[in-house]
Amino acid sequence: MPHDIVTDQSAVTPLNLGGSDKPDPLKEKVAALNGRYKHHSATAVLERALKDPDVGKLTMVSSFGAESVALLHLVSMVDRNVPVIFVDTEMLFAETLEYQLEIAERLNLTNMQIIRASDATLNAEDPDGTLHQRDTDACCALRKTRPLQKALRGYDGWITGRKRFQAGTRAQLEFFEVEDFTGRIKVNPLAYWAPEDVRAYMEENRLPKHPLVAKGYPSIGCAPCTSPVKPGEDPRSGRWRGQEKTECGIHFDNGKMVRKGVNA
């Protein structure tokens, strides 16, 4: 049965992973994992990551967005009891909430973790629900980044749907990577998949698409900050349209929390 967790929040506390002149055991471990599984398929990487003691306790994080169902299906085929964290910002499209329920039931995901900011925190920091109009970064931190970081504290790593094709910063993405500051490992089973691989996988397994994709939403976030994308526009141009902001902040890259790519 799905398990609903309402989280309180606190800032991410960086961990001291050692000075630059000292060997970093975590980075050495990740390098060894990438060497060990370099030529494995996405399924094999996922299967072995869930069993490898060097990886530790894993959860999956999913937005249940435009392409999320591919990795969710892959996880369900390997082990449907893997915890799947879904951050409900309480500003998501109704279609996303309905899609999450549909996919979780269809794939028989038995350990859904629905997390959100606590009512007390929301009342203190965004009592009228308009923070996104004044400060989108603060809103993302309040409703998404901080609840997720707290939920991840009990895990040694997390499974993501990140892929090399999604952004230039991910061109060298490996199956395993160190998450800066947190001491966790990120597992990217689909790192080497191309867009056509995702489409083919969804078609071959007859996986339902997010209903908003057909309505012009190739990248789907919170309803107030997401708009349809016109043909020829960048797939993420509908996120925070008209603002310089392009990231919500759930991934660490080069020491900063960022979110890049259509389906990060």
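Residues numbered from 1 in each chain as written. Predicted model: local features only at pLDDT ≥ 70, side-chain atom pairs only at ≥ 80, totals over all residues. Heavy atoms only, no water.

Draft legend 1. Structural detail: the overall build of the chain. Within the chain one finds 8 helices and 9 strands. A burial count over the chain gives 52% of its 264 residues as buried. Put simply, the chain shows about 12700 Å² of open surface, and 51% of that area lies on carbon and sulfur atoms. (Helix = DSSP H or I, 4+ residues; strand = E, 2+ residues; numbered from the N terminus. Buried < 20%, exposed > 50% of the residue type's maximum accessible area, 1.4 Å probe, protein only. Areas by Shrake-Rupley, 256 points an atom, 1.4 Å probe, with all protein chains shown as cover.)

Draft legend 2. Highlighting the nonpolar core. Formed by 45 residues in total, the largest nonpolar core has its most connected members in Phe64, Leu72, Met112, Ile159, Phe176 and Val187. A total of 6 residues in this core trace back to one element, the largest contributor, which is helix H3 (residues 68–79). If you look at the next biggest cluster of nonpolar residues, it comprises 9 residues, including Val61, Ala151, Tyr155 and Trp158. (Core = buried A, V, L, I, M, F, W, Y, C linked by side-chain atoms within 4.5 Å.)

Draft legend 3. Layout of helix H2 (residues 42–49). Regarding H2, the residues found buried are Ala42, Ala44, Val45, Leu46 and Ala49. Buried residues along H2 sit against strand E2 (58–61), H3, strand E5 (157–159), strand E6 (176–179) and strand E7 (184–187). (Contact = heavy atoms within 4.5 Å.)

Draft legend 4. Representation of the packing of aromatic side chains in the model. By the definition in use, this model includes 5 aromatic pairs. For the ring pair tyrosine 37 and phenylalanine 176, a centre distance of 5.8 Å and an interplane angle of 40 degrees mean the geometry is tilted. Of this pair, tyrosine 37 sits in the loop between helix H1 (25–36) and H2 while phenylalanine 176 sits in strand E6, and the two are 139 residues apart along the sequence. Here tyrosine 37 and phenylalanine 176 have matching classes, each one buried. Aromatic pair phenylalanine 64 and phenylalanine 86: ring centres 5.3 Å apart, planes at 85 degrees, arrangement edge-to-face. Taken as a pair, phenylalanine 64 in the loop between E2 and H3 and phenylalanine 86 in strand E3 (residues 84–87) lie far apart in primary sequence, 22 residues in all. Pair check on accessibility: phenylalanine 64 and phenylalanine 86 agree, each one buried. (Phe/Tyr/Trp six-rings, centres within 6.5 Å; stacked < 30°, edge-to-face > 60°.)

Draft legend 5. Highlighting the confidence of the model for the chain. When pLDDT is averaged across the chain, the result is 82; 78% of the residues are at 70 or more. The low-confidence segment residues 1–19 (pLDDT under 50) makes 45 contacts with residues lying over four places distant or belonging to another chain. Here residues 250–264 is modelled with pLDDT under 50, and outside its nearest four sequence neighbours on either side it reaches 65 contacts, counting other chains as well. (pLDDT = per-residue confidence, 0-100.)

Draft legend 6. Just the packing of H2 against H3, in detail. Look at H2 against H3: their axes get within 10 Å of each other, and the N-to-C directions meet at 55 degrees. Relative to H3, the element H2 is oriented oblique. Note that H2 runs across H3; the crossing there is right-handed. Residues Ala42, Thr43, Leu46 and Glu47 of H2 form the contact with H3, whose own contacting residues are Leu74, Val75 and Val78. A per-class count over the contact of H2 with H3 returns 5 nonpolar, 1 polar and 1 charged. (Axes fitted to C-alpha atoms, helices over the stretch in contact; angles between N-to-C directions. Parallel < 35°, antiparallel > 145°, perpendicular 65-115°, else oblique. Left-handed = near helix turned anticlockwise from the far one by under 90°. Nonpolar A, V, L, I, M, F, W, Y, C, P; charged D, E, K, R; others polar.)

Draft legend 7. Geometry of the pattern of salt bridges. This model, assessed by the stated rule, comprises 9 salt bridges. A salt bridge links arginine 36 to aspartate 52; its shortest N-O distance comes to 2.5 Å. Of this pair, arginine 36 sits in helix H1 while aspartate 52 sits in the loop between H2 and E2, and the two are 16 residues apart along the sequence. In this structure, the salt-bridge partner of arginine 146 is glutamate 125, at a minimum N-O distance of 2.9 Å. Here arginine 146 is found in helix H7 (residues 136–151), whereas its partner glutamate 125 is found in helix H5 (residues 119–125), with 21 residues between them in sequence. (Salt bridge = Lys/Arg side-chain N within 4 Å of Asp/Glu carboxyl O.)

Draft legend 8. Molecular detail of unusual backbone geometry. In this structure, glutamate 90 takes a positive phi of about 65 degrees despite not being glycine. Among the secondary structure elements, glutamate 90 is positioned in the loop between E3 and helix H4 (94–106). When its relative accessible area of 43% is taken as the criterion, glutamate 90 is described as partly exposed. Notably, asparagine 108 is not glycine yet its phi reads approximately 55 degrees, a positive angle. For asparagine 108, a relative accessible area of 39% corresponds to the partly exposed category.

Draft legend 9. Focus on the environment of leucine 173. Turning to its location among the elements, leucine 173 is positioned in the loop between E5 and E6. When the C-alpha atoms of leucine 173 and asparagine 188 are compared, they prove to be 8.2 Å apart, with 15 residues separating the residues in sequence.

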